[in-house]
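Each chain, written out:
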Amino acid sequence: MPRRPATRSAGTWGSALRVAGEAIWRIPSLVPSDAAALFLDRARLADSNFHLDVDQAPMADLVCRRLDGIPLAIELAAARVHMMSVPQILERLEDRFRLLTGGSRTALPRHQTLRAAVDWSYQQLDESEALLFRRLAVFSGDFAVDSLEAVCCDERVPAGEAIDHLTRLADKSLVVPEAGSGHRFRYRLLETLSEYGRERLAESGEADALRRRHADHFVRLAEAASEERIAVEQSNLTAALEFLRAGGDAAGLRLAVALVGYWDSAGHVNEGRERLEALLEGVTGEWDVRAKALDGAGWLALRQADMAGARALFTEARNLLQDRGDSGELARTLSNLAIACIFGGDLEAARDHLEESLQVGQRAGAKRSVAGTLWVLGLVAYFAGALDEAEERASASLRLSEEIGDRKLVAFLEAALGVIDLERGRFTEARGRFGKGLDISVEMGDRMNAALILEALCRLASATSAWTLALKLGGAAAAVRELAGARSIPIWQDRVDAAMEDAQRMLGPEAAAVALGQGRSLDFVEAVSLAQKVAAKATRAEVAPMGLTRRELEIAVMVAQGMSNRDMATRLVLAQRTVEGHVENIRTKLGFHSRTQIAAWAVERKLVPKA
């Protein structure tokens, strides 16, 4: 009869035997429902009258999560309910080792308090394992192998031996390995063990040096890594940023500058601006890094529709850069300053900044900055009603952005060209542009551009009489922006609001409120899914033979009322050329050759009273 392989459960702080034929079963911490049930059961043993009311239940769940689902820790916490409320227990978990004492007298000594249990496990480690364990406590959240080697390894823990030591710590359940994206493992200490490790690290005298190495590593990583990696490392990056800010270290500005793109795309606008401005106030730094930090803070201020704040920040950045010659950074800052001027209503100043930006960028050979300036020139033209120029500028910017591989700008420009198509009544082309831009934005995690496209699709839905869809999309876009701490630019938001007001008027107050609420309740993934369906499929009003869209119907009525194209453009807040395009579309669809025929058609259908 074959020998049965030895098995051992590597439960909390258990240890593998490392013998031939051994199979290790890693027992995870309790799932939330089981952890909550254990807490309630042990709490009632401590106090037979104990019960969890509606307010305390979520706090009890949070206690269990903060204790990593460790049964011993949960039992010790629950035993305190005869002396403390659940909120008090939660509040004192920052000092969990002092709080969680007083286990059963019949238990082994090492199980009578949480500290004793962890102490016992720590004492079983050899010197190299103990050294690595306490060094791992410098990480916030999980970490990757390259970070382990950069931060924790030296002559005492050689990089070539680090994985072996890490494996032995995992076998003892002191480190938790987890499969991450791209089939790459990441590792973490449970929060309880991390707190214990930080205490041991402080006792060792290495804490300051390890935090310094941790911060230096994550500054370098942020400056070189993709936004996907930056998103994964947020806990460690935030910890590094706080360490550098507290020490008044100029490297904090470098790290914050490297994070601007992530804060913008991922929708952490408030956090990003607050951190940047705190660092700018407390740290001097090199002039070039400071200029980039000012520019980044200005961009995030734009996202909040704070035009005055953005303009001041961009101006300060420009002043730092101007004395040092042409550069792509100066060209970009001038372009951003122009955006603040546009949305602040100062188009003349915007054009001056853009002309200078284009010249500086071209002299510096900065294609990325030139592409950015071209799209801002298109933006000026769009809001001035010059759609031909806007399309020409945006198309040139798109070609250059595709050449240099700037996919974030490509996604925005697809959306911008779609908006121009929308203004001209080219709905099929607009939907295609919006769909392409949305797909790229989602792939890159750019929530702000996705919100813009949701708003553009709201306008498209309203223009084609899809009133319910318009309100859902508008509500979803507003929710995305609010969660990010961002606001739409007023001159753009006015157009979105007009589309939503049309939808509300057509649906009536009750139905409109329901549709808007449904849109606002969608999470980001659901909102994107809805937008992708709208971008992929025309509404009935778009494909109805000889049928006019809502905007065209509105203009036909105004034609019948004797209004000129200029009058209609003023009333509808559109460019005169856009109105002319709508009138031409009406003639084509109805087979007419004159405005008189349009007027007669509208009167015959009692859209307007006879003169």
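What you see is a predicted model; the values in this text were computed from it and never measured.

## Describing the overall build of the protein
Part 1: On a plain count of helices and strands, the protein comes out with 33 helices and 4 strands.
Part 2: Long-range pairs, those at least 24 residues apart, make up 65% of the contacts in the protein with a sequence separation of at least 6.
Part 3: Total accessible area on the protein stands at roughly 28800 Å², and carbon and sulfur atoms take up 51% of it.

## Overview of the nonpolar core
Part 1: Judged by nonpolar contacts, the single largest core of 145 residues is most densely connected at Phe133, Leu136, Leu255, Leu457 and Leu473.
Part 2: When residues of this core are assigned to their parent elements, the largest contribution, 12 residues, is made by helix α24 (residues 447-463).
Part 3: Counting residues in hydrophobic clusters, the runner-up holds 18 residues, among them Leu548, Val579, Val583 and Ile598.

## Quick look at the side chain of Arg318
Part 1: You can see Arg318 is positioned in helix α17 (residues 307-322).
Part 2: Of the side chains with opposite charge, Glu356 comes closest to the buried, unpaired Arg318, at an N-O distance of 5.8 Å.
Part 3: Apart from the residues within four sequence positions on either side, Arg318 is in contact with Leu330, Thr333, Leu334, Leu337 and His353.

## A look at helix α11 (residues 207-224)
Part 1: When the terminal C-alpha atoms of α11 are compared, their 26 Å separation across 18 residues agrees well with the 26 Å that a helix rising 1.5 Å per residue should span.
Part 2: Where α11 is concerned, the buried positions are Ala207, Leu210, His214, Ala215, His217, Phe218, Val219, Leu221 and Ala222.
Part 3: In this fold, the buried residues of α11 make contact with α7 (127-136), α8 (145-152), α10 (191-204), α12 (227-232), α13 (234-246) and α14 (251-266).

## Focus: the packing of α13 against α14
Part 1: In the contact formed by α13 and α14, the axes pass within 9 Å of each other and the chain directions differ by 145 degrees. α14 is crossed by α13, and the crossing has left-handed handedness. Judged by residue contacts, Gln234, Leu237, Ala240, Leu241 and Leu244 of α13 engage Ala251, Gly252, Leu255, Ala256, Leu259, Tyr262 and Trp263 from α14.
Part 2: Looking at side-chain class alone, the contact of α13 with α14 contains 10 nonpolar, 2 polar and no charged residues.

## Digging into the packing of α7 against helix α9 (residues 159-171)
Part 1: Viewed as axis vectors pointing N to C, α7 and α9 meet at an angle of 85 degrees, and their least axial separation amounts to 10 Å. Accordingly, the angle class assigned to the pair α7 and α9 is roughly perpendicular. Taking contact as the criterion, the partners of Ser128, Glu129, Leu132, Phe133 and Leu136 in α7 are, on α9, Ala162, His165, Leu166, Arg168 and Leu169.
Part 2: Here the contact of α7 with α9 is composed, by residue class, of 6 nonpolar, 2 polar and 2 charged.

Analysis parameters
Residues numbered from 1 in each chain as written. Predicted model: local features only at pLDDT ≥ 70, side-chain atom pairs only at ≥ 80, totals over all residues. Heavy atoms only, no water. Helix = DSSP H or I, 4+ residues; strand = E, 2+ residues; numbered from the N terminus. Contact = heavy atoms within 4.5 Å. Areas by Shrake-Rupley, 256 points an atom, 1.4 Å probe, with all protein chains shown as cover. Core = buried A, V, L, I, M, F, W, Y, C linked by side-chain atoms within 4.5 Å. Buried < 20%, exposed > 50% of the residue type's maximum accessible area, 1.4 Å probe, protein only. Lys, Arg positive; Asp, Glu negative; His and termini not counted. Salt bridge = Lys/Arg side-chain N within 4 Å of Asp/Glu carboxyl O. Expected span 1.5 Å × (residues − 1). Axes fitted to C-alpha atoms, helices over the stretch in contact; angles between N-to-C directions. Left-handed = near helix turned anticlockwise from the far one by under 90°. Nonpolar A, V, L, I, M, F, W, Y, C, P; charged D, E, K, R; others polar. Parallel < 35°, antiparallel > 145°, perpendicular 65-115°, else oblique.

From the geometry alone we can't say anything about function, so treat these as descriptive.
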